[in-house]
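Letter by letter, the chains look like this.
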There are 2 protein chains.
Amino acid sequence: VKRESVEEKRRRLLQKAKASVSSAYAGEEHAIIEAINSYLEMDKVKNLVFERLEEWYSIYFPELRISNQVTYAKFILKYGANKKSADHSGLSELLGDKAKDVENAIIRSIGREPSDDEYKTLSSIASLFVSIASMQDSLSDYIDRSTKRIMPNISYLVDTKIAAELLSRAGSLNKLAFMPASTIQLLGAEKALFKHLKYGSRPPKYGILYKMPQVANAGKHNGGRIARIYATKISIASKADAFSKRFIADTLKKNIESTISSNRNRNG
Amino acid sequence: VKRESVEEKRRRLLQKAKASVSSAYAGEEHAIIEAINSYLEMDKVKNLVFERLEEWYSIYFPELRISNQVTYAKFILKYGANKKSADHSGLSELLGDKAKDVENAIIRSIGREPSDDEYKTLSSIASLFVSIASMQDSLSDYIDRSTKRIMPNISYLVDTKIAAELLSRAGSLNKLAFMPASTIQLLGAEKALFKHLKYGSRPPKYGILYKMPQVANAGKHNGGRIARIYATKISIASKADAFSKRFIADTLKKNIESTISSNRNRNG
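None of the values given here were measured: they were computed from a predicted structure.

## Side note on the overall build of chain A
Here is step 1 of the chain: Counting its secondary structure elements, chain A contains 14 helices and zero strands.
Here is step 2 of the chain: Counting from the amino terminus, chain A carries its helices and strands in the arrangement α-α-α-α-α-α-α-α-α-α-α-α-α-α.
Here is step 3 of the chain: Over its C-alpha trace chain A gives a radius of gyration of 26 Å, far above what one expects of a compact globule, namely 18 Å for 268 residues.
Here is step 4 of the chain: The principal-axis extent of the C-alpha atoms belonging to chain A is close to 85 × 70 × 40 Å.
Here is step 5 of the chain: Every one of the 268 residues in chain A was classed for burial, and the buried ones make up 46%.

## Concerning helix α13 (residues 219-244) of chain A
Here is step 1 of the chain: With 26 residues, α13 of chain A extends 36 Å between its outermost C-alpha atoms, agreeing within 8% with the 38 Å of an ideal straight helix rising 1.5 Å per residue.
Here is step 2 of the chain: Positive backbone phi, approximately 60°, marks Lys245 of chain A, located one or two places after α13 of chain A.

## What to know about helix α11 (residues 190-199) of chain B
Here is step 1 of the chain: Little of α11 of chain B is tucked away, with zero of its 10 residues classed as buried.
Here is step 2 of the chain: Within two residues after α11 of chain B, Gly200 of chain B carries a phi angle of roughly 75°, on the positive side.

## Concerning the relation of the copies chain A and chain B
Here is step 1 of the chain: Under the fitted operation, chain A is carried onto chain B by 0.0 Å of movement along the axis and a turn of 180°, and the coordinates agree to an RMSD of 0.1 Å. Put plainly, the chains are arranged around a two-fold axis. For chain A, the smallest separation between a C-alpha atom and the rotation axis is recorded for Val45 of chain A, amounting to 2.9 Å.
Here is step 2 of the chain: The residues that chain A uses at the interface reappear at the interface of chain B in 100% of cases, marking a shared surface.

## Regarding the packing of helix α2 (residues 29-57) of chain A against helix α6 (residues 116-150) of chain A
Residue and element names in this part refer to chain A.
Here is step 1 of the chain: As a packed pair, α2 and α6 sit with axes 9 Å apart at the nearest point and diverge in direction by 155°. Accordingly, the angle class assigned to the pair α2 and α6 is roughly antiparallel. You can see that α2 and α6 cross each other, and the crossing is left-handed.
Here is step 2 of the chain: Along the lines of polarity and charge, the residues of the contact of α2 with α6 split into 23 nonpolar, six polar and four charged.

## As for the interface of chain A and chain B
Frequently, the measure chosen for interface size is the accessible area that the parts lose on association.
Here is step 1 of the chain: Contact residues are listed per partner, giving 42 residues for chain A and 42 residues for chain B.
Here is step 2 of the chain: Carbon and sulfur atoms supply 64% of the area buried between chain A and chain B, which totals about 3700 Å² over both sides.
Here is step 3 of the chain: It is Glu34, Arg52 and Ile110 of chain A that lose the most area in chain A upon contact with chain B, and together they represent 16% of the buried surface on that side.
Here is step 4 of the chain: Here chain A is connected to chain B by four salt bridges.
Here is step 5 of the chain: Two residues, Asp117 of chain A and Arg145 of chain B, come together in a salt bridge whose shortest N-O distance is 2.5 Å.
Here is step 6 of the chain: Our count for the chain A to chain B interface comes out at six residue pairs in polar contact (both at pLDDT 80 or more).
Here is step 7 of the chain: Of all elements in the fold, only α1 (6-24), α2 and α6 of chain A reach the threshold of two or more residues within the side of chain A that touches chain B.

## Description of the packing of α2 of chain A against helix α2 (residues 29-57) of chain B
When two helices pack together, their arrangement is given by the angle between the helix axes and the distance between those axes.
Here is step 1 of the chain: For the pair α2 of chain A and α2 of chain B, interaxial distance at closest approach is 10 Å and the crossing angle is 180°. Taken together, the axis directions place α2 of chain A and α2 of chain B in an arrangement best described as roughly antiparallel.
Here is step 2 of the chain: Within the contact of α2 of chain A with α2 of chain B, the residues separate by chemical class into 14 nonpolar, four polar and 10 charged.

## Section: the pattern of salt bridges
Here is step 1 of the chain: Applying the stated criterion across every chain yields a total of 26 salt bridges over all chains.
Here is step 2 of the chain: The shortest N-O distance in the salt bridge between Lys83 of chain A and Glu113 of chain A comes to 3.2 Å. A residue pair is termed long-range when its members are at least 10 positions apart, and Lys83 of chain A in the loop between α3 (69-79) and α4 (88-95) and Glu113 of chain A in the loop between α5 (99-108) and α6 qualify at 30 residues.
Here is step 3 of the chain: Arg11 of chain B is the partner of Glu7 of chain B in a salt bridge, and the nearest nitrogen-oxygen pair spans 3.5 Å. Remark: Arg11 of chain B and Glu7 of chain B occur in helix α1 (residues 6-24); sequence separation between them is four residues, near one turn of the helix.

## Things to note about the environment of Phe75 of chain B
All names here are of chain B.
Here is step 1 of the chain: Here Phe75 shows up in helix α3 (residues 69-79).
Here is step 2 of the chain: For Phe75, a relative accessible area of 0% puts it in the buried group.
Here is step 3 of the chain: As a C-alpha pair, Phe75 and Ala126 span 51 residues in sequence and 9.1 Å in three-dimensional space.
Here is step 4 of the chain: Among all residues touching Phe75, those that are not within four sequence positions of it are Tyr57, Phe61, Leu64, Ile66, Gly80, Leu91, Leu94, Val102 and Ile106.

## A word on the packing of aromatic side chains
Geometrically, a pair of aromatic rings is defined through the distance of the ring centres and the angle of the planes.
Residues and elements named next belong to chain A.
Here is step 1 of the chain: For the coordinates displayed, the defined rule picks out 24 aromatic pairs over all chains.
Here is step 2 of the chain: Both rings, one in Phe50 and one in Tyr72, keep their centres 5.3 Å apart while their planes meet at 70°; by these two values the pair is edge-to-face. Of this pair, Phe50 sits in helix α2 while Tyr72 sits in helix α3; the two residues are 22 residues apart in sequence, bridging distant segments of the chain. The residues Phe50 and Tyr72 share a single accessibility class, namely buried.
Here is step 3 of the chain: When the centroid spacing of 6.2 Å and the interplanar angle of 50° are considered together, the rings of Tyr57 and Tyr60 count as tilted.
Here is step 4 of the chain: When its relative accessible area of 0% is taken as the criterion, Tyr57 is described as buried.
Here is step 5 of the chain: Seen from the ring of Tyr39, Lys161 lies directly overhead, with NZ or CZ sitting 5.2 Å from the centre.

## Brief notes about the side chain of Glu34 of chain B
Here is step 1 of the chain: By the element assignment, Glu34 of chain B lies in helix α2.
Here is step 2 of the chain: Arg52 of chain A provides the closest opposite charge to the buried, salt-bridge-free Glu34 of chain B, at an N-O distance of 4.0 Å.
Here is step 3 of the chain: Ignoring any residue separated from it by four or fewer positions in sequence, one finds Glu34 of chain B in contact with Arg52, Glu55, Trp56 and Ile59 of chain A.

## Topic: the confidence of the model for chain A
Here is step 1 of the chain: In the predicted model, chain A carries a mean pLDDT of 92, and the fraction of residues at 70 or more is 95%.
Here is step 2 of the chain: Two summary scores accompany this predicted model of the complex, namely pTM at 0.87 and ipTM at 0.86.

## Section: the environment of Ser58 of chain B
All names here are of chain B.
Here is step 1 of the chain: As for its position among the elements, Ser58 is in the loop between α2 and α3.
Here is step 2 of the chain: With relative accessibility at 30%, the residue Ser58 sits in the partly exposed group.
Here is step 3 of the chain: Taking the C-alpha atoms as reference points, Ser58 and Gly111, separated by 53 residues in sequence, lie 7.9 Å from one another.
Here is step 4 of the chain: Within the structure, Ser58 has its side chain in polar contact with the backbone oxygen of Glu54 (distance 2.6 Å).

The rules behind these values
- Residues numbered from 1 in each chain as written.
- Chains lettered and ligands numbered in written order.
- Predicted model: local features only at pLDDT ≥ 70, side-chain atom pairs only at ≥ 80, totals over all residues.
- Heavy atoms only, no water.
- Helix = DSSP H or I, 4+ residues; strand = E, 2+ residues; numbered from the N terminus.
- Rg over C-alpha atoms; globule rule 2.2 N^0.38 Å.
- Buried < 20%, exposed > 50% of the residue type's maximum accessible area, 1.4 Å probe, protein only.
- Expected span 1.5 Å × (residues − 1).
- Least-squares fit on C-alpha atoms with pLDDT ≥ 70 in both.
- Contact = heavy atoms within 4.5 Å.
- Axes fitted to C-alpha atoms, helices over the stretch in contact; angles between N-to-C directions.
- Parallel < 35°, antiparallel > 145°, perpendicular 65-115°, else oblique.
- Left-handed = near helix turned anticlockwise from the far one by under 90°.
- Nonpolar A, V, L, I, M, F, W, Y, C, P; charged D, E, K, R; others polar.
- Buried area = accessible area lost by both parts, 1.4 Å probe.
- Salt bridge = Lys/Arg side-chain N within 4 Å of Asp/Glu carboxyl O.
- Polar contact = N/O pair within 3.5 Å; in protein donor to acceptor, adjacent residues only side chain to side chain.
- Phe/Tyr/Trp six-rings, centres within 6.5 Å; stacked < 30°, edge-to-face > 60°.
- Lys NZ or Arg CZ within 6 Å of the ring centre and 35° of its normal.
- Lys, Arg positive; Asp, Glu negative; His and termini not counted.
- pLDDT = per-residue confidence, 0-100.

Below you can see the structure in the form of structure tokens.
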């Protein structure tokens with residue numbers, strides 16, 4: 001047998017390494033991880049831009065109160081150049097039953113109107129804000145579609161965003177499938193867990209799962225228990241998503257519901 | 001004389017307060033302050049979005065190296081769906097003499113192509129990034145135009161962005177005009193000054209003015225001196241911008257240049 005030269009060996013090993021990196025990124029899982037990280041980051045981006053927009057427009061209309069940020073930006077795009085031009089029917093269309101309040105605010109406003117040059121720049125911030133919000137919506141749609149495709153069981157048990165976050169924290173579906181339920185329960189609580197181990201502070205009861213209303217609304221004492229119940233079933237669901245590919249989440253969900261209600265009875 | 005009722009007095013004082021707030025926001029100065037604050041914040045926004053974009057697209061084309069962020073985003077918009085489709089003339093148009101490097105990277109890339117669904121979402125982030133960059137450009141244009149109009153003397157001495165930042169830190173052109181040169185020199189270095197006063201650390205030599213290449217490139221020993229020379233003339237320029245409205249900045253600039261060069265000679 002002819003022995004491999006160093007150069008041949010180098011090339012072969014490099015090829016192998018490339019192929020393994022390539023296959024690691026081949027799955028759609030990585031796109032989901034990027035999508036959920038982008039989705040979460042867009043909250044920060046939206047806030048940064050909205051703060052600027054609101055502060056700037058306050059020069060011209062400090063009395064304006066619209067709680068929905070996208071509606072606020074759309075108000076600027078529609079009436080920001082000259083708020084006095086706002087008509088009742090247009091305001092009603094944009095603001096619903098808040099139109100009257102805004103009409104009154106326009107009448108008593110102490111703000112001047114922006115110059116053309118000011119408005120041109122201000123309105124470009126407003127339309128950027130609307131673009132960011134709609135981009136976040138399309139990220140959200142993609143996450144919904146892709147998690148239902150790639151991890152149908154987990155995303156049936158918990159919200160698709162939470163499913164994607166669990167995937168992102170675990171690193172891959174395979175890793176998630178091999179995690180014990182107790183680890184899944186604490187995914188996203190790494191900092192608190194570290195503090196507990198190092199400084200002896202109270203151990204965390206949940207990480208990402210706290211974003212579920214069922215956990216968040218359960219109160220101090222029940223939250224941990226409910227998170228554990230979910231984590232146990234998510235662990236089973238992730239094995240199904242990663243390996244058997246069978247849909248078993250409807251049964252799991254019924255299990256969760258009956259476990260929670262029987263626990264409640266026992267404690268009631 | 002009929003005495004004012006409490007209600008009448010209340011209304012009169014409220015009216016007066018409103019009028020004074022209203023006039024405080026009447027000037028274009030406030031729009032400039034909002035614009036420069038937005039402009040600076042957009043750097044942060046651009047970085048957040050670009051990090052997401054680059055990390056995501058690295059799944060499909062980890063070998064891509066394009067240092068200009070907008071060009072990177074445009075590459076994704078043009079060829080991200082299928083990088084193998086990139087032709088030499090199109091790449092040259094986008095990348096200039098870097099086209100060859102990218103062509104080679106495409107040939108040896110280990111990344112797969114995105115699915116349609118992945119690309120749809122990814123490209124929406126790319127086009128958002130391009131929008132943010134172009135919005136920042138229009139903010140920049142507005143700041144150029146408006147500072148030249150409102151503070152022609154200061155913006156002749158220093159870059160228009162720095163002029164706007166000085167205005168923003170001072171709060172108004174009037175306040176800036178009443179500031180001693182030593183305060184102007186340290187505008188933007190409030191934190192370091194506080195540390196100096198409280199903990200006895202070394203006093204700062206400059207704040208915003210450090211963004212001027214003339215100051216930044218002057219070295220450790222000269223930077224403070226040059227910042228002081230500029231601050232002295234900015235103080236005079238701000239009085240002209242706020243009160244006399246005469247254009248004296250060309251004389252001031254000649255003064256600065258001769259002071260700097262005579263100082264240099266003395267020390268040389």
